[in-house]
Number of protein chains: 4
Amino acid sequence: MYRLSEREWQAYTEKYKDRARMLISCPDRPGIVAAISHFLYQQGANIVQSDQYTTDPETGRFFMRIEFDLTNLEERCEVIKAAFRPIAESFDMDFSLVQASKRKKVAIFVSKEDHCLLELLWRWKSGELYADISVVISNHPDMKETVESFGIPYHCIPVTKDNKPQAEEEQIAAAAGADVIVLARYMQILSPRFLDDYAMRIINIHHSFLPAFVGAKPYEQAYRRGVKLIGATAHYVTEELDAGPIIEQDVQRVTHQEDVETLKQLGRQVERTVLARAVGWHLEDRVLVYGNKTIVFP
Amino acid sequence: MYRLSEREWQAYTEKYKDRARMLISCPDRPGIVAAISHFLYQQGANIVQSDQYTTDPETGRFFMRIEFDLTNLEERCEVIKAAFRPIAESFDMDFSLVQASKRKKVAIFVSKEDHCLLELLWRWKSGELYADISVVISNHPDMKETVESFGIPYHCIPVTKDNKPQAEEEQIAAAAGADVIVLARYMQILSPRFLDDYAMRIINIHHSFLPAFVGAKPYEQAYRRGVKLIGATAHYVTEELDAGPIIEQDVQRVTHQEDVETLKQLGRQVERTVLARAVGWHLEDRVLVYGNKTIVFP
Amino acid sequence: MYRLSEREWQAYTEKYKDRARMLISCPDRPGIVAAISHFLYQQGANIVQSDQYTTDPETGRFFMRIEFDLTNLEERCEVIKAAFRPIAESFDMDFSLVQASKRKKVAIFVSKEDHCLLELLWRWKSGELYADISVVISNHPDMKETVESFGIPYHCIPVTKDNKPQAEEEQIAAAAGADVIVLARYMQILSPRFLDDYAMRIINIHHSFLPAFVGAKPYEQAYRRGVKLIGATAHYVTEELDAGPIIEQDVQRVTHQEDVETLKQLGRQVERTVLARAVGWHLEDRVLVYGNKTIVFP
Amino acid sequence: MYRLSEREWQAYTEKYKDRARMLISCPDRPGIVAAISHFLYQQGANIVQSDQYTTDPETGRFFMRIEFDLTNLEERCEVIKAAFRPIAESFDMDFSLVQASKRKKVAIFVSKEDHCLLELLWRWKSGELYADISVVISNHPDMKETVESFGIPYHCIPVTKDNKPQAEEEQIAAAAGADVIVLARYMQILSPRFLDDYAMRIINIHHSFLPAFVGAKPYEQAYRRGVKLIGATAHYVTEELDAGPIIEQDVQRVTHQEDVETLKQLGRQVERTVLARAVGWHLEDRVLVYGNKTIVFP
């Protein structure tokens, strides 16, 4: 198979074994950056990238993403978190500190369309998505052979009107331990409880430029409206359909010549690109959610 | 002034004095192209470009745009139209035949935002829009001096709640003879009667990627939704607000950093580009309306 | 496997069994369109799309692509070609007439990079490239398993300094009968004789926005120059390296943050998109070569 | 005239009177961010945005841009600079500290093409370019009236083979005090001495996607090569022609239909957009030069 060799994964893991990423969000006030960077300096960290964003003065919220290198990160990570806690509390911060070399566990849900799934698998195998794809869950058996050829377990859990709650129990069990769930054209609604368990950790691809063409059959809607661009939107899933925080969007030019089938075909390219970008940014801890919006650090 | 000299206009007019454009629309059936091209050949025409589009078999409608050169077009144009009429009738065609060297008369409506107006004036003066801009009509006096510096009459017709019908009478009088009306960020609703008089000859620029953010304050809506692309849409105006046939759309990437003011500023660049393209295509007879959609020939 | 079922291919083949495509190129003069369309009308054809382009008056060359439907095309195709020949001769035309339902045979050459190959295979299996991929030829064994899992023969023909002519003989034998050869990141120079046999039927993807960064290591060159966009170019291969007629190009925005490895990774997405588009257009007979340029009909 | 009222400029100036921007570049090592942010905190500054970039470990150079608010900035600016100097020295920093409310002085050079000049003037008058355009210098008289209608002095300094050194003396005198010089399609070479005086403060727009089509007549070159995208490049001017650090680039899709004149026309839109973006970023102190490349902070 065309997979990244274990040797190559290990080279990456080795290269970034001392690389940490810190995400911070708190009310804005003077001294935040000074406190954080002083703390990191004391720990012996070398900041390799940092980006900061403050919302408008009225709402006044501060967001930061820092990448730093720190010798023996593996052993010291928990100690550092504990040592940072008092600073976090004094500034009323939400914060996370993760090791860049730890692969996040990804569970992918899919129905019958395979293009988004294959894009993710392909980028994963070529080393562009640094993650463990722990399972693919589908309500159809169609992609079992393909997925398993990548060495990934495939759970076919049919969903019908009658078995929905039970099917979801099985899905939750199959996805157990996932850090993030990707709906790669999964055409079923998840229950509020499921959404709550994975709040801002479920990424969906919607096959339109939201908020245009919310709901079903967006390409049919786009065709009828005669738009000159079609698009796709990757967003975190919330209870309100197609209304969660948008992570990424892109578009593709079309003309009067395209029928619905061709729109779908062109749209597939945008869908898989947009979803792969959004998943990549999430895996690299570049996305922070603020209200119903995302901050995507470069 | 930075205008195309009269000498340059004349060079263009001279170069294309024998260039004609024919737009045809009819039910699809065999023999249409043969009939048209045989007719043109008999007249001595040389076809320099032709494009054709047929809708799906169910609706089965045929659309064509032909550019051809014909010696002494000016004198022969009406005769040719008359000679073509029997063919048109036998195929149940709608058709138009225009001389490329005849400048269409354009009336521009504007409120307080000047960027779309200036883009049109600038492209006109640099020879990119081959037209006569016969008048600019506004409900505000602000741009009088600028417009007149281009040698174009400026009619300031204030519109209030009370004088709407009368103001529109004045507008109609001021625009008399216009082949096309461009709403270059004109923030007033036109009456059904006005729309009817200029059916598919009024081009509006809407400051969003329609059908997203229909109605007022689209940039505020886009900001609240947290989209990653903002857009603009040029469309023919129909009675239903922001729902007419779309001529052109484009988008601009934005990030979480942009506030509403910056979205508006970035949006202005897209708006003026999209409107200028749509107006240019209309002036070159590239746009055919079919149902609520446009066919834009390349 | 995630392949288009034979049933779906057959549906396509059935749907377009009477669809023909005609490509014509000749010196410009009045009456060409009339002659062609009259001929097709006499044969009972219904033109469903036609596009025409004439170069500037000095060079005066006429190009046309016509799609038409004709009952019993399969049986009548050769007869029609013969019947058209006198017209073609009288206008000094080059012309081709192909059945849309006939799948072209494609041979793909690849070295070690798999992204362009996989994109083609994926689009082929999903029905976006209507073709027979008859063989994949490589100078490395790496992708044998993947290619064979698509049901396609894989020929590993190692190329060294010493065995070049002999290796090429083997390649030519392996590719025998191919209508088009695609170099999907194949990093070896082909001999003039090979190029001659497949003139304007070998499509290469170059990993830069040509003519910038001709030759080896374009991403390294782009990195050193500090460009803000990277690109890819699909072109027909001619004897002069990276100088053949360009079919398609596209770009991707980059920033100072990207190192060479990231440029390559981002570039891979552009490369595979650009190559897949170019191959698709070639398969649909949309590309005509004129001098060192292409005409790509919409 | 359609200008930003003095009242609006003042509103901006007032709003940002306490906003400072700091640009820093130094060898990378731990503690830089801590030292800077501690210093700013001590001064009572509130950091509103900060972005940092470190080159690869081998070259190891650190770059940072910080925006912060500080009460009474105007009075305290010089004192703060002096107080920061010891820190700067201890880290071997290059640094600059500017007040966001201070408008930079811009001198624009232009020849006969007016589109880039007009775009800059339009954006300036609409408040998108916060600067003082102190003078427009041209080797032709053509745009005198237009420029003066914006209230800007126009110096026509003809340049011939014989008077080059003397003409440049006049240009230097006319531009005296400029913080940045913009070559808005100025088609003359500047002397090494001139370039040296304004090192990395002269922005040129080149009408191609550099490094493709270096030198004269890029659209003619692009037409002959048959590219499918044309572009423009804004860069700092250095002694080697068209080889200075690139600030911004963009492209526009074209087809076989476009002749050289149409390429130029389409190219004008890209040129003016790209130049205006680059000038805007320079005015907002977003661009740092590193070797022959730029870092453009978001």
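Criteria and thresholds
- Per-chain numbering applies: the sequence of each chain, read as written, is numbered from 1 onward.
- Chains carry letters from A onward and ligands carry numbers from 1 onward, assigned in written order.
- Under the rules for a predicted model, residues below a pLDDT of 70 receive no local features and side-chain atom pairs below 80 are neither given nor counted, while totals for whole chains, interfaces and linings still include all residues.
- The basis for every side-chain value is the complete set of heavy atoms in the structure, and neither hydrogens nor water enter the calculation.
- Any Phe, Tyr or Trp ring, taking Trp's six-membered ring, that has another such ring centre within 6.5 Å forms a pair; planes under 30 degrees apart are called stacked, those over 60 apart edge-to-face, and the others tilted.
- Only runs of H or I of at least four residues qualify as helices and only runs of E of at least two qualify as strands under DSSP, and these elements are numbered from the N terminus.
- Partly exposed describes any residue whose relative accessible area lies between the buried limit of under 20% and the exposed limit of over 50%, with all areas from a 1.4 Å probe on protein chains only and scaled to the type maximum.
- We call a charge positioned over a ring when the NZ of a Lys or the CZ of an Arg lies within 6 Å of the ring centre and within 35 degrees of the ring normal.
- By definition in these notes, contact holds between two residues if any of their heavy atoms fall within 4.5 Å.
- Accessible surface is computed with a 1.4 Å probe, and the buried area is the amount of it that two parts give up when combined, taken over both parts together.
- For this analysis, a salt bridge means a side-chain nitrogen from Lys or Arg found within 4 Å of a carboxyl oxygen belonging to Asp or Glu.
- Pairs of N or O atoms are called polar contacts if they sit within 3.5 Å, as long as, within protein, a hydrogen donor faces a hydrogen acceptor (for residues adjacent in sequence, only side-chain-to-side-chain pairs).
- UniProt positions are given in the numbering used here, feature names are shortened, and annotations may be inferred rather than shown by experiment.
- Strand pairing requires that DSSP identify at least two bridges connecting the strands.
- Lines fitted to C-alpha atoms define the axes, with helix axes restricted to the stretch in contact, and inter-axis angles between N-to-C directions lie between 0 and 180 degrees.
- Residues below a pLDDT of 70 in either copy are left out; the C-alpha atoms of the rest, at least 70 in both, set the least-squares superposition of the copies.
- Joining through side-chain atoms within 4.5 Å is the link that ties buried Ala, Val, Leu, Ile, Met, Phe, Trp, Tyr and Cys residues into a set, and such a set is a nonpolar core.
- In plain terms, two cysteine sulfur atoms within 2.5 Å form what is called a disulfide here.

K.L.:
It is not clear to me how the packing of aromatic side chains should be interpreted in this structure. Could you clarify?
P.N.:
Think of a pair of aromatic rings as described by two things: how far the centres are apart, and how the planes are tilted against each other in angle. For the structure shown, the criterion picks out 38 aromatic pairs over all chains. Ring geometry for Phe-63 of chain B against Tyr-290 of chain B: centres 5.1 Å apart, planes inclined by 65°, an arrangement best described as edge-to-face. Of the two residues, Phe-63 of chain B is situated in strand 3 (residues 61-69) and Tyr-290 of chain B in strand 12 (residues 287-290); the sequence distance between them amounts to 227 residues. For Tyr-290 of chain B, a relative accessible area of 26% puts it in the partly exposed group. Here Tyr-12 of chain C and Tyr-130 of chain C contribute two aromatic rings whose centre-to-centre distance is 4.1 Å and whose plane-to-plane angle is 35°, an arrangement assigned as tilted. Of this pair, Tyr-12 of chain C sits in helix 1 (residues 6-15) while Tyr-130 of chain C sits in the loop between helix 4 (115-125) and strand 6 (131-138), and the two are 118 residues apart along the sequence. The class of Tyr-12 of chain C is partly exposed, set by a relative accessible area of 29%. On the accessibility criterion, Tyr-130 of chain C (11% relative accessible area) is buried. The ring of Trp-122 of chain D has Arg-272 of chain B sitting right over it, with the charged end atom 4.1 Å from the ring centre.

K.L.:
Is there a simple way to think about the interface of chain A and chain B in this case?
P.N.:
Of the residues lining the interface, 32 residues belong to chain A; the matching set on chain B comes to 32 residues. Here chain A and chain B share an interface that buries about 2,800 Å² over both sides, 54% of which is from carbon and sulfur atoms. Contact with chain B buries surface across chain A, with Arg-225, Lys-228 and His-256 of chain A losing the most and accounting together for 26% of the total. Counting every contact that joins chain A to chain B gives four salt bridges. One salt bridge connects Arg-253 of chain A with Glu-248 of chain B, and the closest N-O pair in it is separated by 3.0 Å. In this assembly, chain A and chain B are joined by 20 residue pairs in polar contact (both at pLDDT 80 or more).

K.L.:
Got a minute to help me understand the UniProt feature "domain: ACT" (unreviewed entry) in chain A in this structure?
P.N.:
Per the UniProt record, "domain: ACT" (unreviewed entry) is annotated on residues 21-103 of chain A. The annotated region residues 21-103 of chain A carries 36% helix and 37% strand content, and the separation between its end C-alpha atoms amounts to 13 Å.

K.L.:
Is there a simple way to think about the interface of chain A and chain C in this case?
P.N.:
One frequently used descriptor of interface size is the decrease in accessible area upon assembly of the parts. Facing 19 residues of chain A, the contacting portion of chain C comprises 19 residues. Counting the surface lost from both chain A and chain C, the interface buries some 1,900 Å², and carbon and sulfur atoms represent 41% of this. Summed over the shared surface of chain A and chain C, the result is four salt bridges. Where Glu-128 of chain C meets Arg-268 of chain A, a salt bridge forms, and the shortest distance between an N and an O atom there is 2.8 Å.

K.L.:
Is there a simple way to explain the sheet that holds strand 5 (residues 104-110) of chain D in this structure?
P.N.:
Sheet strands line up and pair through hydrogen bonds in the backbone, either parallel or antiparallel. Residues and elements named next belong to chain D. The seven strands are arranged 7-6-5-8-9-10-11 in an open sheet whose pairing can be described as mixed. Every other strand in the sheet has two partners, leaving strand 7 (154-156) and strand 11 (246-253) as the edge strands with one partner each. Going across the sheet, the axis of each strand differs from the next one's by a mean of 20°, ignoring polarity. Summarising the sheet, strand 8 (residues 180-183) and strand 9 (residues 202-206) pair through three bridges and their orientation is parallel. Within strand 9, the position partnered with Ile-181 by the bridge is Ile-202. Strand contacts of helix 4 (residues 115-125): strand 5, strand 6 (131-138), strand 8 and strand 9, with the helix running at about 160° to strand 6, the strand carrying the most contacts.

K.L.:
Mind showing me how you'd approach unusual backbone geometry here?
P.N.:
Most peptide bonds are trans, and most residues other than glycine sit at a negative phi. Cis geometry is found at the peptide bond from Leu-210 of chain B to Pro-211 of chain B, where omega equals 5°. Position of Pro-211 of chain B among the secondary structure elements: in the loop between strand 9 (202-206) and helix 8 (218-225). With a phi angle near 55°, Asp-285 of chain B is a residue other than glycine that sits in the positive phi range. On the secondary structure map, Asp-285 of chain B appears in the loop between helix 9 (260-283) and strand 12. Its identity as a non-glycine residue notwithstanding, Asn-72 of chain C has a phi of 60°, on the positive side.

K.L.:
So what exactly am I meant to see when it comes to the relation of the copies chain A and chain B here?
P.N.:
For the pair of chain copies, the relating transformation is a rotation about an axis with a translation along it. Once chain A is rotated about the relating axis by 180° and shifted along it by 0.0 Å, it coincides with chain B to within an RMSD of 0.0 Å. The relationship between the two copies is best expressed as a two-fold rotation axis. Considering only C-alpha atoms, the residue of chain A closest to the rotation axis is Ala-212 of chain A, which sits at 2.2 Å.

K.L.:
Would you explain the pattern of salt bridges in this entry?
P.N.:
Side-chain pairs of opposite charge can arise whenever the charged atoms involved come near each other. Residues and elements named next belong to chain A. Throughout the structure, instances matching the rule amount to 100 salt bridges over all chains. In this structure, the salt-bridge partner of Glu-248 is Arg-277, at a minimum N-O distance of 2.5 Å. One end of the pair, Glu-248, is in strand 11 (residues 246-253); the other, Arg-277, is in helix 9 (residues 260-283), with 29 residues separating them in the sequence. With a relative accessible area of 21%, Arg-277 lands in the partly exposed category. By sharing partners, the salt bridges in this structure join Arg-19, Arg-21, Arg-65, Glu-67, Asp-69, Lys-104 and Asp-285 into a single network.

K.L.:
Quick question: what am I supposed to make of the pairing of strand 13 (residues 293-296) of chain B here?
P.N.:
Remember that side chains alternate between the two faces of the sheet whenever the strand is regular. Residue and element names in this part refer to chain B. Every second residue of strand 13 is oriented toward a common face, with Lys-293 and Ile-295 on one face and Thr-294 and Val-296 on the other, all of them buried. Across four bridges, strand 12 lies against strand 13 in antiparallel orientation. The partner of Tyr-290 across the bridge, within strand 13, is Lys-293. Hairpin geometry of strand 12 and strand 13 is characterised by an intervening segment of two residues between the two adjacent antiparallel strands and by a positive phi of about 60° at Gly-291.

K.L.:
How do you make sense of the nonpolar core when you look at a structure like this?
P.N.:
Soluble, globular proteins show a tendency: their nonpolar side chains are buried together. Counting residues in hydrophobic clusters, the biggest one holds 52 residues, and the most contacted among them are Ile-36 and Phe-68 of chain A together with Ile-36, Phe-68 and Met-93 of chain D. The set of elements that each furnish at least two residues to this core consists of strand 1 (19-27), helix 2 (32-43), strand 3 (61-69) and helix 3 (73-90) of chain A together with strand 1 (19-27), helix 2 (32-43), strand 3 (61-69) and helix 3 (73-90) of chain D. Discounting residues that sit within four places of it in the chain, Met-93 of chain D has contacts with Ile-24, Ser-25, Cys-26, Ile-32, Ile-36, Phe-84, Ile-87 and Ala-88 of chain D. If you look at the next biggest cluster of nonpolar residues, it comprises 51 residues, including Leu-70 of chain B together with Ile-80, Ile-87 and Ala-88 of chain C.

K.L.:
Explanation requested: the state of the cysteines in the structure shown.
P.N.:
What is meant by a disulfide is a covalent connection between two cysteines, made through their sulfur atoms. A complete count under the given rule lists zero disulfides over all chains for this structure. There is no disulfide at Cys-77 of chain A, and the cysteine sulfur nearest it, in Cys-26 of chain A, is 20 Å away.

K.L.:
Looking at this model, I keep getting lost on the UniProt feature "active site" (unreviewed entry) in chain A. Mind explaining?
P.N.:
Residues and elements named next belong to chain A. Under the present numbering, the feature "active site" (unreviewed entry) in UniProt falls on Asp-242. With respect to the helices, strands and loops of the structure, Asp-242 is situated in the loop between strand 10 (229-236) and strand 11. What makes Asp-242 buried here is its relative accessible area of 9%. Here His-206 takes part through its side chain, which lies 3.2 Å from a polar atom of the side chain of Asp-242.

K.L.:
How do you make sense of the relation of the copies chain A and chain C when you look at a structure like this?
P.N.:
After a rotation of 180° and a shift along the axis of 0.0 Å, chain A superposes on chain C with an RMSD of 0.0 Å. The residues that chain A uses at the interface reappear at the interface of chain C in 100% of cases, marking a shared surface.

K.L.:
Explain the sheet that holds strand 6 of chain C to me, please; I cannot follow it from the model alone.
P.N.:
Residues and elements named next belong to chain C. If you walk across this open sheet you meet the seven strands as 7-6-5-8-9-10-11, and the pairing is mixed. At either margin of the open sheet sits one strand with a lone partner, and together these are strand 7 (154-156) and strand 11 (246-253). Averaged over all neighbouring strand pairs, the angle between strand axes comes to 20°, with direction disregarded. Of the pairings in the sheet, the one linking strand 10 (residues 229-236) to strand 11 comprises seven bridges and is antiparallel in character. Within strand 11, the position partnered with Leu-229 by the bridge is Arg-253.

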